[in-house]
Structures are given as C-alpha cells and as structure tokens.
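Inside the fold
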Amino acid sequence: MSRKVIIAGNWKMNKTAAEGRELVEALKKSVAGLEAAEIVVCPPFTTIGAVAEAAAGSVIGVGAQNIHWAANGAFTGEISADMLKTSGVKYVIIGHSERRQYFGETNATVNSRLKAALAAGLIPIVCVGELLEERESGKTEAVLAGQIREGFAGIDAKDAEKIVVAYEPVWAIGTGKTATPDIAQAAHAFIRQELRALFGAAADAMRIQYGGSMKASNARELVAQPDIDGGLIGGAALKAEDFIALIREALAL
Ligand code: 13P
C-alpha cells in the first residue's frame, strides 16, 4: 500500500508571528507544486493566524501543537477544535513527549484529545515513544503498546486511517542522537503491528512519522525504510533553508 509521505515541522515554543510568516514565505517558494509529500508547519497558537494567511493557496498545511477535548468552557489556557479550524488549522499534534513529561499529559488525555480532533475533521499527529531508561531496560515495545492501546481506545478503523502516528524516541529529541534507520524501522514495524491488532487492514494506510534529531543528513535513509512515512521535525524545521534541505533529502529530490 502506498502511503503519502508527510513531513511536519514542530516549531514548539519558538517564533513570533512575523518570524513564522517569514519562514513560510521562503518555504512556499521551494515547495510550490510539490505533490510527492504533505508539508505541514505547526507554530505556537499565537502564530497560527499569520502563518495560515501566509500559507494560503500553497501546498503547506498548518497544524497546532495541542487541542482540548471540550467544545468550550472554563478551561483556562486551552484551545478547542473549532477555534483551531476557524484559524486555518488542518492538523494537530497530540501527546508530544514534552507535553507528557512537563504538562501531565497521559494516554487517557491523549485519547480524549484524539477523539475531539477526529470529530472535528482535523488530522491528528499522535506522538508515542520511549524514554532512554525504558529502552535500556528492554521496555520499548511494552511502552509503545501501552501508548497505542490506551491512546487509541474506542477509535473506529474508518477514522484510524486519518491518524498520523509520530514515533519519537524521547532520547533522540533535541539531543542530536538520531535512532539508526534499523532501530527506527524496527519500532515503526512494531507500531504498525499494534495498529493492525486494533484496526486491521486500515493500519496499512496509516502514516507513521519518525521524529528525533531528524535533519537533512539522515532524512533520506530514514524515510527510505518501509514503515517510515515521513518525519516530525523540531530543530531542523526552524530555519527555512534547513527544512527545505531536509524535505529534498527525505523525498530524494
Ligand atoms: P528535534 O528534531 O529537535 O529532535 O525535535 C523532534 C521533535 O520533538 C518533534 O516533535
């Protein structure tokens, strides 16, 4: 089954509206007419409006970095699906390890956010991945299985096809230590096997991105792996020239 490569930049807590707009203007020129992949940028909430305006009419999709499960109400600091959609957002990152680590995100909150995103027609990018000590103590598969089974509980196979999974080993994020293509492929194959157990054949249509120190110099080899369908990129997505170089390598252009 052929799956369209998806390359997303997660800007995390970086960039003002003006900086975001500038990056997208530069990126837009380089990816004009590109059909081989979906290109997404995920700015902070305050930058989404400016970025969506700059990206309008281009192939660049806009994603958010979080979503709340309620439609509205007394949830200070949170953002609803409708607020995202009406700001030009099509994708949303859910359960990033930084949210799990610093903001109390759990598999249960991931599940609630995922359901809200799907109900609103947003494309969720659900992050999973093990800590260094979990890998070193042989728990990687158990951790991934738990994140997937609990995070995806109650989701239908027909909705599952829309979900993008990002495998981000926590030890590779922002550390410069990329998983080798073999290590990443093994984890992706395991994730797909878990998805197959939940969703059957729909698992073969689901994209699984790799994330964790992906850059131009390793993107090609990673995305060439059979179960790696793109990347979720932090540091190397913050400068237009780096992100453009990475996209070209990932797509072997
Ligand atoms: P880095 O690419 O900076 O390692 O970050 C990866 C990441 O967390 C993307 O969501």
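Given the structure is predicted, the values throughout are model-derived calculations rather than measurements.

1. What to know about the overall build of the protein chain
The secondary structure content of the protein chain amounts to eleven helices and eight strands. In terms of overall dimensions, the protein chain is globule-like: its C-alpha atoms have a radius of gyration of 17 Å, near the 18 Å expected for 253 residues. When the backbone C-alpha atoms are referred to their principal axes, the protein chain occupies close to 45 × 45 × 35 Å. Sorting the 253 residues of the protein chain into buried and exposed places 55% on the buried side. Looking at the protein chain as shown, the accessible area adds up to about 11,000 Å², and 53% of this sits on carbon and sulfur atoms.

2. Some details on the pattern of salt bridges
Under the criterion given, the structure shown has 16 salt bridges. The closest approach of N and O atoms between Lys 12 and Glu 98, which form a salt bridge, is 2.8 Å. You can see Lys 12 sitting in the loop between strand S1 (5-10) and helix H1 (17-31) and its partner Glu 98 sitting in helix H4 (residues 97-102), a full 86 residues away along the chain. Taking the relative accessible area as the measure of exposure, Lys 12 reaches 22% and is therefore partly exposed. According to the relative accessible area criterion, Glu 98 is partly exposed, its value standing at 22%. Arg 99 is the partner of Glu 105 in a salt bridge, and the nearest nitrogen-oxygen pair spans 3.7 Å. Taking the relative accessible area as the measure of exposure, Glu 105 reaches 6% and is therefore buried. If you follow the salt bridges from partner to partner, you end up with Arg 3, Arg 192, Asp 227 and Asp 229 in one network.

3. Details of the environment of Leu 253
With respect to the helices and strands, Leu 253 occurs in the segment after helix H11 (240-250). Along the primary structure Leu 253 and Ala 36 are separated by 217 residues, whereas in three dimensions their C-alpha atoms are 9.8 Å apart. Residue contacts for Leu 253: discarding those within four places in its chain leaves Leu 34, Arg 220 and Arg 248.

4. Quick notes on helix H2 (residues 45-55)
Inspection of H2 places Thr 47, Ile 48, Ala 50, Val 51, Ala 52, Ala 54 and Ala 55 among the buried residues, and these make up the whole buried set. In this structure, the buried residues of H2 make contact with H1, strand S2 (37-42), strand S3 (60-64) and helix H3 (81-85). With its phi angle positive at about 80°, Gly 57 sits one or two positions after the end of H2.

5. So, the packing of aromatic side chains
Given two aromatic rings, their pairing is described by the distance between the two centres and the angle made by the two planes. Under the defined criterion, the tally for this structure stands at three aromatic pairs. Ring plane angle 35° and centroid distance 6.1 Å describe the contact between Phe 152 and Phe 199, whose orientation is recorded as tilted. Placement of Phe 152 in the loop between helix H7 (140-151) and helix H8 (157-160) and of Phe 199 in helix H9 (residues 181-199) is noted, with a sequence separation of 47 residues between them. An identical accessibility class is assigned to Phe 152 and Phe 199; each is buried. Taking the ring centre of Trp 11 as reference, the NZ or CZ of Lys 15 above it sits at 5.9 Å.

What counts, and where the lines are drawn
Residues numbered from 1 in each chain as written. Predicted model: local features only at pLDDT ≥ 70, side-chain atom pairs only at ≥ 80, totals over all residues. Heavy atoms only, no water. Helix = DSSP H or I, 4+ residues; strand = E, 2+ residues; numbered from the N terminus. Rg over C-alpha atoms; globule rule 2.2 N^0.38 Å. Buried < 20%, exposed > 50% of the residue type's maximum accessible area, 1.4 Å probe, protein only. Areas by Shrake-Rupley, 256 points an atom, 1.4 Å probe, with all protein chains shown as cover. Salt bridge = Lys/Arg side-chain N within 4 Å of Asp/Glu carboxyl O. Contact = heavy atoms within 4.5 Å. Phe/Tyr/Trp six-rings, centres within 6.5 Å; stacked < 30°, edge-to-face > 60°. Lys NZ or Arg CZ within 6 Å of the ring centre and 35° of its normal.

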